[in-house]
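Coordinates in review
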Number of protein chains: 2
Amino acid sequence: MGEFELIDRYFRRTAASPQVALGVGDDCALLQPTPGRQLAVSTDLLLEGRHFFPGADPRALGHKALAVNLSDLAACGARPLAFTLALALPAVDETWLAGLSQGLLALADASGCALVGGDTTRGPLAIGITVFGEVEPGKALLRSGARAGDDLYVSGSLGDARLALEALQGRIELPPGLLASARQRLDTPQPRLALGQALAGVATAAIDVSDGLLGDLGHVLKQSNVGATVDTLAALPLLDNLQAARAAGVDESLLLQCVLAGGDDYELAFTALPSHRDAVATAAKATNTRVTRIGSIDSQPGVRLLGAGGQPVHGRFASFDHFA
Amino acid sequence: MGEFELIDRYFRRTAASPQVALGVGDDCALLQPTPGRQLAVSTDLLLEGRHFFPGADPRALGHKALAVNLSDLAACGARPLAFTLALALPAVDETWLAGLSQGLLALADASGCALVGGDTTRGPLAIGITVFGEVEPGKALLRSGARAGDDLYVSGSLGDARLALEALQGRIELPPGLLASARQRLDTPQPRLALGQALAGVATAAIDVSDGLLGDLGHVLKQSNVGATVDTLAALPLLDNLQAARAAGVDESLLLQCVLAGGDDYELAFTALPSHRDAVATAAKATNTRVTRIGSIDSQPGVRLLGAGGQPVHGRFASFDHFA
């Protein structure tokens, strides 16, 4: 099967959205953005052995490759529109391609995000996606909008993906049921698109948690020129498998590490004025998403972690950095 | 140097264009498209050892990585707006990064195409770029618009990049001066942006010649449901170094192969009504670009090659296919 037949068979879709004037198959795709809207753009490159294990299930991989990109649109409060796919493949394996295509396009369809173009080449397995979304001018959630006094929130749960990774890399042992539950978070993250859009105009700043909560929060703090206090007693229970992990003997400091610096969560960390607590609760309820207040923004730079009785917690919580 | 410092040092640019509301450094970049315009999008992934030689000059590589993407915008008749960059690097080499950044951003500046976002990761060297441009609705040049009776044109010159590649891969020997001249076409292609925009509304169909003239023309013919006749006597002189290559003993069939199926040309192949010959000439003159009429579009499928005296030329001219 040649390059063009491969594209035809697995990645050509009829343009379904009124915003897609021309899809896969020409030199360029043509989008017709809603007049007046801003276009939000983000790109991610996933490599075998670095972002996913060799031999990863292609369907889960297709899902995740798009999910991590959609998560950036969510963090911006944008509505998904379209995406492009650049694929390097060591060989043409039709079963694998069919799986990747299914995982990718199922999430694309569920998110209203049309595949409009791409590039395929032979090489070490790599998946590059660029997503486009729309947002009203002035409504996009930025990293730079947090102010002292704001509440600090996260969506959903944190740390389960890292818990699975620790087990998969042989650093801890988990019972099969627990590993399967945690692994689902690692393999098939759900981007918080509905919540992000509901928070546009409500939250003051947002970021998606991909490299670990404290590291990603650090980007918000730096770009907003503020600091934060995080209540670890509020954050720790965000680990869905907390009780099961404790029962399996995972030590407490690793659990805190998973929650605060785990990575691969694809939840939203965001800030909002205390006067907007009702509006945040409304956004959470309207989108059926759990939202937890875990701290607040201060004028003093840096992050302060509080434990039981408001005592400071010390520890090194390194965020993921591909070149550190 | 960490991932974020790397981005800061080499790839952060102040948003210069009124269409870029937010550049590098947040979850998403924000573009503000000109109201009513369509957005043209294209993506390409370049891998070391496949699209460029290991050890390639980073400055030329930066130029070429963006040039091949801009060439897709040119083929569409779109005006460049912005691009994203996904970079996989085996290690952080500051001299190399500075070179890549210079080559990339020099062409970006010259083309009015702002770097608005990206992703960096550690891995086998790969450069993924997605470009965005603008075009008036209905004016985009598509592959599907060619009609029987149209003239067939190409811009600039063809085949020199392939001539260089043949020498660099040891299949032929070229004198150093000739190799240097041909190699310039391979290393630093110039996307035909001005011509593409001037042809919007004039040409009936267009494609950029990246995999070889006949192969790329084949996409136009297939999508337009037509065929073509190509005058090889008009096409062969498009090889800039034709006389020098003949003098160096390169055989005539290889020269024709370079021109008709060379690849890496990044010229435009396009069609237009015979009644628009003056308009094509005006577009060429206004953009200071050579344009050569090399044949015509027929209703009969396939491509017919004509030689001296209108005699048919036979030969296999395979286009580049990454998986064939």
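Just above sits the structure.
Quick look at the structure, then. (Residues numbered from 1 in each chain as written. Chains lettered and ligands numbered in written order. Predicted model: local features only at pLDDT ≥ 70, side-chain atom pairs only at ≥ 80, totals over all residues. Heavy atoms only, no water.)

Pairing in this open sheet of 6 strands is mixed, and the strands run β5(A)-β4(A)-β6(A)-β3(A)-β2(B)-β1(B) from one edge to the other. Each edge of the sheet is formed by a strand with only one pairing partner; in this case those strands are β5 (114–122) of chain A together with β1 (20–22) of chain B. In this sheet, adjacent strand axes meet at a mean angle of 20° when their direction is disregarded. On top of the sheet, helix α3 (residues 94–111) of chain A reaches β4 (79–89), β5 and β6 (126–135) of chain A; it is set at about 170° to β4(A), its chief contact. (Pairing = 2+ DSSP bridges. Helix = DSSP H or I, 4+ residues; strand = E, 2+ residues; numbered from the N terminus. Axes fitted to C-alpha atoms, helices over the stretch in contact; angles between N-to-C directions. Contact = heavy atoms within 4.5 Å.)

Residues and elements named next belong to chain B. The buried fraction of strand β9 (residues 227–231) amounts to 4 of the 5 residues, a majority that puts the element mostly inside the structure. Of the pairings in the sheet, the one linking β9 to strand β11 (residues 291–298) comprises 4 bridges and is antiparallel in character. Of the residues in β11, the one forming a bridge with Thr 229 is Ser 296. Both β9 and strand β12 (residues 302–306) contribute to a ladder of 5 bridges, which runs parallel. Bridged to Ala 228 within β12 is Val 303. (Buried < 20%, exposed > 50% of the residue type's maximum accessible area, 1.4 Å probe, protein only.)

Looking now at helix α5 (residues 176–187) of chain B. Relative to the 16 Å expected for 12 residues at 1.5 Å per residue, α5(B) spans 16 Å between its end C-alpha atoms, a close match to the ideal helical length. For α5(B), the secondary structure elements touched by its buried residues are α2 (58–76), α4 (160–168), α9 (242–247) and β10 (267–272) of chain B. (Expected span 1.5 Å × (residues − 1).)

Below, the discussion takes up the interface of chain B and chain A. Residue-level contacts link 68 residues of chain B with 68 residues of chain A. When chain B packs against chain A, close to 5,300 Å² is buried across both sides, 58% of that on carbon and sulfur atoms. One can count 0 salt bridges joining chain B with chain A. The interface formed by chain B and chain A contains 15 residue pairs in polar contact (both at pLDDT 80 or more). If you tally residues by element for the side of chain B that touches chain A, the top one is strand β3 (residues 38–47) of chain B, at 9 residues. A breakdown of the residues in the side of chain B that touches chain A according to their chemical character gives 35 nonpolar, 18 polar and 15 charged. As paired elements, strand β3 (residues 38–47) of chain A and strand β2 (residues 29–31) of chain B share 3 bridges and run antiparallel to each other. Within β2(B), the position partnered with A:Leu39 by the bridge is B:Leu31. (Buried area = accessible area lost by both parts, 1.4 Å probe. Salt bridge = Lys/Arg side-chain N within 4 Å of Asp/Glu carboxyl O. Polar contact = N/O pair within 3.5 Å; in protein donor to acceptor, adjacent residues only side chain to side chain. Nonpolar A, V, L, I, M, F, W, Y, C, P; charged D, E, K, R; others polar.)

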